[in-house]
Structure formats: C-alpha cells, structure tokens
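Here is how the chains run, residue by residue.
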Amino acid sequence: MTLLAVRDLGVDFGGPPIVDGVSFSMKRGEIVALVGESGSGKSVASLALMGLLGRGNVTGSAILRLNDGRETDLARISSRERRGVLGRHVSMIFQDPLSSLDPIQTIGAQMREVLSLHCGLRGGKAQARAIELLHEVGIVDPQACLKLIPQRLSGGMRQRVLIAMAIAGEPELLLADEPTTALDVTVQAQVLRLLLSLRARSGMGMIFITHNLAVASSIADRVIVLYAGQVVEDAPADAFFAAPAMPYSKALLGAAPGIDSVFGARRLPILRGQVPAPGERGVGCRFAPRCDAMRPTPCQTQMPDLLNIADGENEVHAVRCGRWEELAR
Amino acid sequence: MAEGLFAFAARRAGVNVLLLMLVSLTGFMLLHATPGGPLAQFSLSPGMTTERLNQIAHSMGLDQPLWLQYVKWLGGLLKGDWGHSYRDHAPVLSIIVAHLGATVELGLASLVISFLGGLAMGLIGALRAGEAIDALCSLVGVILLSLPTFWLGLVFIYFLSVRTGWFPAGGLMAPGDASASDRLRHLALPAMTLGLVSIPVWGAYVRAFAGDTLNQDHIRTARALGVPGWRIVLRRVLPAALLPLIPIAGVYLPTLLSGALVTETVFTWPGVGRLFLDSLQYRDYPVALGVLMFSAVLVLICSLAAELLHHAADPRLRA
Ligand SMILES: Nc1ncnc2c1ncn2[C@@H]1O[C@H](COP(=O)(O)OP(=O)(O)OP(=O)(O)O)[C@@H](O)[C@H]1O
Ligand code: SF4
Ligand SMILES: [Mg+2]
C-alpha cells in the first residue's frame, strides 16, 4: 500500500535547481531515512513535501494517499487545502526543539491550539487529551509541563512536546528533519525509541532526515541517499548497509565503521572535496569530481539514470551510477 | 520571584533618586547662571530701583547662599511646596496640574492614532516583506517622518479649518460649550498632527519586531502543524512584537509632555508644553524649573512602570 509517491520533484528559488528530479515512493508505516551531506537539499525537499514553499518554486508531484482513500498532491497543494492536510495527515518536527516552540506561550496553550484545530477539542477535553499525549511521549508530569513555557524544559522534553503536537492529529506521515541532532546521545536514543514505538502503535509512515548513518541504521526500513539535489541510491536498509551499490554510499559507509549496532552520535564521515553548489554541476555524474571509480566516459559525459537493480519483481533498489554493474563484479 | 521583582524595583528607585538629584541640581544651577538670574523678570520692570530689587531678593530669600537656597528648594519639592509663580503668585504645582489635563488628553489621543497607525503599517510591512506594499509603507513612513510638525499643523489649519470650517483652528473648547463633541472637534487637528508624525516611529519598531518573529522557527512549526496564517499573526507575531514595545512606550510617553510643545503652540493648546514655553518667555523661573522637575519625575515613573509591566507581561522574565 503506497502512502506517498514522489515523481520528479524539483525545487528552485529562481536560480539553478536545488532539488532536481527526485522520485521515490514509500509504503504505509514505512520509515525512510533521507541521508546526505550538508547542502544536498534534504531540508528543501522536505519543505516542498509539506507544501511550505511557494508553489512557483516547486515542480513535479508528491501524491499522498490518505487513510480514507483520497489522494492529494502535496507539491501542488493550495494554501486552503494545506491547512486541512498539515497537522492532520502530514506533520513535521524539526531539528532545534527550543526555537521550534513559541517562547512566550505555555506548552498547554500551544497544545490546545493544535488540539482544537485538528481534533475539535476544547476546554477540559483538550486538557485531558494533551495530558494523554504528553504521557504517550514519555513526559513524566504532564500536568506540570502544560503550565510551563518552553524555556523551562530540557531539549529532550521540548522535542517530546513537539512530537506530541505533531502526532495530535494522528497523521499518516511524519517528516522529521534531524529531530535528534540537537540532543545528546542518551536522549537521542530515547527519542528514536519513542518514534519507533509510535510507528508500531499508529502505523504512521516517517521520512527521517539525518546526517547520521548510525541513526539511520537504527530506525530506517529504507535509506534514500541525496547528493547535490538528486537521489543517488534508494534501497532497503538491509541491502543498503550490507551492499551499497553507488560509490558515494560506499564511501560514506566505508568511512563509518561499525555503524549498525550503535545508537551513537557519529555524523556523516568527511569525504574529500565538497558537494558541488547548485550552479557548479557538470553535465555528467555529479559525484564524479570526488569519485575514486570515476572514468572520463561515461562519468563526465553523461548523467546516469536512476536504475532499479533489484532482483525481485516488487522490490526497489535504485542506483544512479553509470558503472554500477562493472563495480558490482 | 516576588523578591526578585522587589529587589529590582528597589534598585531602580535608588538609581532614580540619584538621577532626580542630578536633574534638580543642574536645573537650579542653570537658572542662576542665566543673565539676570532669577530676578530678571523684576529688573525689567520700568521704574525698578536697585533698592527695591534688593528688597525683593531678600523677601524671596535670593540673598542667601546658593547652597542654602538649593537645599530649601529641594526640601520644598519633597513637601509638595514647589514655590510660587513670579507672574501671579499661584503655587507652581497647582499651575502644572491645571495644564496637565489638556496635555494628557492630546497625548493619549495622538498615541492612539500613532500606535494603531504604526501597528497596521508595521504588520503589513512585515507580512508582505519585500513586496510593493512594503516599499509603499516605508515610503509613506519616510514622508511622514520628514514632515515638520508645525508645517503639518498649519496645513491642517488652512485646509480643514480656515478653508472649510470643518474643525476649529485651535483652543481646547469653544467658550461656554462643554459638550464632548465640541471637545473632540477641538482635539481632532492637534491629535492628528502629533499622531501622524509619530506613526512611522511605531511602524518601524513593529515592522522590525514582527519581522524578527516571522523568521523564527516556531512560526514554521506552526505552519507545518496547519495553524492558519491569521491565527499565527494574532497569537504569535502580535504578542511577540508588542512585548518589546512596552519599555519603549515607557520612554516615549513622557516625551509627549514636552514633545507636544510645537503642536500645543500651533493650536494654542493650553498644555504643559505651552506652559513651559510661556514661563521661559516671562522668565517665570519657579514654573520653568517646576515643569522641568515634573517631567523628570514623570520620565522615571513611566520607565519604571513600563519595566515592571514588561516583567509582568513577559513569561520569560518571570524565571
Ligand atoms: N530559501 C532558499 N533560497 C535559496 N536557496 C536556498 C533556500 N533554502 C535553501 N537553499 C539552498 O539550498 C541548498 C540545500 O539546502 P538544504 O537546507 O536543503 O540542505 P540540507 O541537505 O538540509 O543541509 P543540512 O544538512 O545542512 O541541513 C543549500 O545550498 C541552500 O543554500
Ligand atoms: S557514474 Fe562514475 S563518477 Fe558517478 S558514481 Fe558512478 S563511477 Fe563514480
Ligand atoms: Mg537541513
């Protein structure tokens, strides 16, 4: 059952495209990790999926299939439709849990706002539900928490509050843009466990953006690697961590030993060189300047397509590399 | 928390007393340093003799040492005896209070105009940042800011009073007419004059504070959670923009007392600004000094009140 089908998603802000022909799909309840170096376009892509960028900046489509069978194109959503979808069918949590909450309203006021918008709950009922939600995300004393302003909470508690607000409308899809990056390691692991348990309970799908391959390996069902605005590998997590096919993925994993068991804070390893800026991309493979397996042809002359190399009929393991077959031998 | 607030208030009160001492000393010294000194008013009268002048000086205690005069004057201030006008011998404090009503009336009316205008202008600019309407707002702001108050007042008087007769050209009320509508008609032009020129000041603050807030992450979070735009403006942007305006208002409010000087003159509005100007003209030093001290006290009271209010209104400061 497909939850989200993204086709040819592109974003530009008047200049060269930041996100370029991104296509992937995900199933209900699936957790997809979107990984890539800084500047690869992860945040921009996720904002486009939320309909939070101007419609003139976004091309392509992102069809979300709702629980009731209706379909809506997140890339082309009108601002009126968007209000009916955001918070209710799609929610998002962000990296910095301090600045993501209104500093001058209490947690209670901010939660009641969302509950009245999406669940029609007011007064005592909203209060009760808010307590229930905070309890669900592991806040020990929800009643006291509701009376506080964000400043009084720790980073981990703030992120829990934001998660509670994001799941209040029982969304089918949660986008999480580096939700644990600002937290210390133990808290990071707690929040990841919380997200996994929420998925198990409610079956919501999740797009989890991260720099951190250890985090990706501990939470994801699929891994999608973004490089210079393009998807360069899209694989089931097992296959990705066991046998990545794209040289960029290999380089990432090769430089990050022992990632699969750690709930650790290891960030994406440093590779030589940098992601080319949107205006400085050649005609060929965008990874070519940094690739050890690069050959002038085809690498510098032709942009490789994103090919599905999976054996099974219904499986997807897509790779964007002109030499993947040679390299696999 | 209550203790923190108390300590804060006490500390501020201490600083304020020092400031008041400084203002009073400077004012007193300036007065005695002016050519002619406090007696200038009397020495100008025709047929005045040195003998008579000395008599007056003696009766007013002006022949005593300066420091003693200052201490006596200061003691009087504390007891509520602010001296007597040279012109009609009325107590200074009651003269000031008699002029205060008109100034407060004009000040508040102009504040409502400038604040609401500035709020609208600032919010529009922030919400439509970079668009044509934002540029238009800034342009209108610059124009309003560059208008000389007296010129604007004269333009209003010419077009809305002399030419059309819609509004009276000056004064507090028509003689013998105590109706509210008459007072409002008299208030309209001076309040508009004083209000309009202050709109861009509030507008710039609101534009900056609202713009800052709109760029914050929590606005994006609210949008990502489907909170409608008008609600975001009402519940998040507006309160965040208003809070830092409280201390600014505390500084701004007392300046209306003296800042209305030009407007009060153009519209012959019998307020404290006019009183100050007149008392200087007549060399009525006790009144001039009184107004000076009165504004100083007001400045301190307003800024202290504003800070206390800010503390009470902003939950982040109630740690
Ligand atoms: N509003 C915008 N206007 C113009 N360029 C933008 C805008 N937002 C982002 N960009 C550019 O898009 C590129 C991708 O940014 P994005 O934030 O999506 O990267 P990211 O993969 O999320 O990186 P990070 O891991 O650092 O968060 C960057 O080069 C950035 O400068
Ligand atoms: S296409 Fe060439 S340069 Fe690009 S990843 Fe494959 S081998 Fe490297
Ligand atoms: Mg990002």
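Conventions adopted
Residues numbered from 1 in each chain as written. Chains lettered and ligands numbered in written order. Predicted model: local features only at pLDDT ≥ 70, side-chain atom pairs only at ≥ 80, totals over all residues. Heavy atoms only, no water. Helix = DSSP H or I, 4+ residues; strand = E, 2+ residues; numbered from the N terminus. Buried < 20%, exposed > 50% of the residue type's maximum accessible area, 1.4 Å probe, protein only. Axes fitted to C-alpha atoms, helices over the stretch in contact; angles between N-to-C directions. Parallel < 35°, antiparallel > 145°, perpendicular 65-115°, else oblique. Contact = heavy atoms within 4.5 Å. Nonpolar A, V, L, I, M, F, W, Y, C, P; charged D, E, K, R; others polar. UniProt positions renumbered as here; feature names shortened; annotations may be inferred. Near = heavy atom within 4 Å. Polar contact = N/O pair within 3.5 Å; in protein donor to acceptor, adjacent residues only side chain to side chain. Areas by Shrake-Rupley, 256 points an atom, 1.4 Å probe, with all protein chains shown as cover. 1 Å grid on protein atoms, 1.4 Å probe; cavity = no way out; pocket = protein on both sides within 12 Å on 5 of 7 lines; lining within 4 Å. Points joined across faces, edges and corners; volume = space filled by probe spheres on them. Expected span 1.5 Å × (residues − 1). Salt bridge = Lys/Arg side-chain N within 4 Å of Asp/Glu carboxyl O. pLDDT = per-residue confidence, 0-100. Pairing = 2+ DSSP bridges. Buried area = accessible area lost by both parts, 1.4 Å probe.

1. Comments concerning the overall build of chain B
Item 1. Looking only at helices and strands, chain B has 14 helices and 0 strands in total.
Item 2. Starting at the N terminus and walking to the C terminus, you meet the elements of chain B as α-α-α-α-α-α-α-α-α-α-α-α-α-α.
Item 3. Along the three orthogonal principal directions, the C-alpha set of chain B runs to about 85 × 60 × 35 Å.
Item 4. Counting over 319 residues, chain B shows a buried share of 41%.

2. Remarks on the packing of helix H3 (residues 107-119) of chain A against helix H10 (residues 229-242) of chain B
Item 1. Orientation of H3(A) relative to H10(B), taken along the N-to-C sense of each, is 170°, at an axis distance of 13 Å. In terms of their interaxial angle, H3(A) and H10(B) are classed as roughly antiparallel. Residue-level contacts link A:Ala109, A:Gln110 and A:Glu113 of H3(A) to B:Arg231, B:Arg235 and B:Arg236 of H10(B).
Item 2. Broken down by class, the residue content of the contact of H3(A) with H10(B) amounts to 1 nonpolar, 1 polar and 4 charged.

3. Digging into the UniProt feature "domain: ABC transporter" (unreviewed entry) in chain A
Item 1. Annotation from UniProt places "domain: ABC transporter" (unreviewed entry) at residues 4-253 of chain A.
Item 2. End C-alpha atoms of residues 4-253 of chain A are separated by 27 Å, and the span's content is 39% helix alongside 24% strand.

4. Overview of the site of ligand 1
All names here are of chain A.
Item 1. For ligand 1, the full set of nearby residues is Phe13, Ile18, Glu37, Ser38, Gly39, Ser40, Gly41, Lys42, Ser43, Val44, Glu178 and His211.
Item 2. In this structure, Ser38 approaches ligand 1 through a side-chain N or O atom, which is 2.4 Å from an oxygen atom.
Item 3. Residue Glu178 places a side-chain N or O atom 3.4 Å away from an oxygen atom belonging to ligand 1.
Item 4. Taken by itself ligand 1 offers 640 Å² of open surface, and the protein chains cover 59% of this.
Item 5. The class makeup of the residues in the shell around ligand 1 is 3 nonpolar, 6 polar and 3 charged.

5. Brief notes about empty space enclosed by the protein
All names here are of chain A.
Item 1. The final tally for this structure, using the stated rule, is 2 cavities of 30 Å³ or more.
Item 2. Roughly 70 Å³ of volume is contained in the largest cavity.
Item 3. As for the largest cavity, its lining consists of Leu9, Val22, Phe24, Leu34, Ala45, Ser46, Leu49, Ile207, Ile224, Leu226 and Val231.
Item 4. Contributing elements (two or more residues each) for the lining of the largest cavity: strand S2 (19-27), helix H1 (42-49) and strand S9 (222-227).
Item 5. In terms of residues, the lining of the largest cavity owes the most to one element, H1, which gives 3 residues.
Item 6. Counted by class, the lining of the largest cavity contains 10 nonpolar, 1 polar and no charged residues.
Item 7. Considering only enclosed or pocket space, the second largest cavity measures out at about 40 Å³ in volume.
Item 8. What lines the second largest cavity is Tyr227, Gln230, Val232, Met246, Cys285, Arg286, Phe287, Pro304 and Arg320.

6. Re the site of ligand 2
Item 1. Near ligand 2 you find A:Met246, A:Pro247, A:Cys285, A:Phe287, A:Ala288, A:Cys291, A:Ala293, A:Met294, A:Cys299, A:Cys321, A:Gly322 and A:Arg323, and these make up its full shell.
Item 2. Considering only residue class, the shell around ligand 2 consists of 10 nonpolar, 1 polar and 1 charged.

7. Digging into helix H6 (residues 132-146) of chain B
Item 1. Taking 1.5 Å of rise per residue, 15 residues should cover 21 Å, and H6(B) covers 21 Å from first to last C-alpha, within 8% of that figure.
Item 2. Where H6(B) is buried, its residues touch helix H5 (92-127) and helix H8 (180-214) of chain B.

8. As for the pattern of salt bridges
Residue and element names in this part refer to chain B.
Item 1. In the structure shown here, the tally under the stated rule is 19 salt bridges over all chains.
Item 2. Note that Glu105 and Arg183 form a salt bridge whose closest N and O atoms lie 2.7 Å from each other. Taken together, the positions of Glu105 in helix H5 and Arg183 in helix H8 put the pair 78 residues apart, joining distant regions of the chain.
Item 3. Residue Glu105 is classed as partly exposed on the basis of its relative accessible area of 22%.
Item 4. Salt-bridge contacts for Asp314 lead to Arg316; the nearest nitrogen and oxygen are separated by 3.0 Å.

9. Things to note about the confidence of the model for chain B
Item 1. Mean pLDDT over chain B works out to 86, with 96% of the residues at or above the 70 mark.
Item 2. Averaged pLDDT values for the elements of chain B fall to 71 in helix H2 (residues 40-43) of chain B and rise to 93 in H10(B).

10. Some details on the sheet that holds S2(A)
Residues and elements named next belong to chain A.
Item 1. Reading across from one edge, S2-S1-S4-S5 is the order of the 4 strands in this open sheet, with antiparallel pairing throughout. Both edges of this open sheet fall to S2 and strand S5 (71-73), since each of them pairs with a single strand only. In this sheet, neighbouring strand axes are inclined to one another by 10° on average, regardless of whether the strands run parallel or antiparallel.
Item 2. Bridge count between strand S1 (residues 2-11) and S2: 6 bridges; the pairing is antiparallel.

11. Re the sheet that holds S9(A)
All names here are of chain A.
Item 1. In space, the 8 strands of this open sheet follow the order S6-S7-S8-S3-S9-S10-S12-S11, with mixed pairing throughout. Where the open sheet ends on each side, the last strands, each with one partner, are strand S6 (90-93) and strand S11 (307-308).
Item 2. Relative to strand S10 (residues 230-236), S9 runs antiparallel, the two being bridged by 6 bridges. When the sheet's bridge partners are listed, Tyr227 is paired in S10 with Gln230.
Item 3. Across the sheet, helix H7 (residues 185-202) is in contact with strand S3 (31-35), strand S7 (173-177) and strand S8 (205-210); its angle to S8 comes to roughly 160°.
Item 4. Of the strands in this sheet, S9 and S10 touch helix H10 (residues 247-254), which is tilted by about 110° from S9.

12. Quick word on the interface of chain B and chain A
Put simply, an interface is often sized by how much accessible area is lost when its parts join up.
Item 1. With 20 residues of chain B at the contact, the number on the chain A side is 30 residues.
Item 2. Taken over both partners, the interface formed by chain B and chain A buries close to 2200 Å², and the fraction arising from carbon and sulfur atoms is 59%.
Item 3. Contact with chain A buries area across many residues of chain B, yet B:Ala224, B:Leu225 and B:Arg316 alone supply 28% of it, more than any other trio.
Item 4. The tally of links from chain B across to chain A stands at 2 salt bridges.
Item 5. Between B:Arg236 and A:Glu113 there is a salt bridge whose closest N-O contact spans 3.5 Å.
Item 6. Of all the secondary-structure elements, those providing two or more residues to the side of chain B that touches chain A are helix H9 (217-224) and H10 of chain B.

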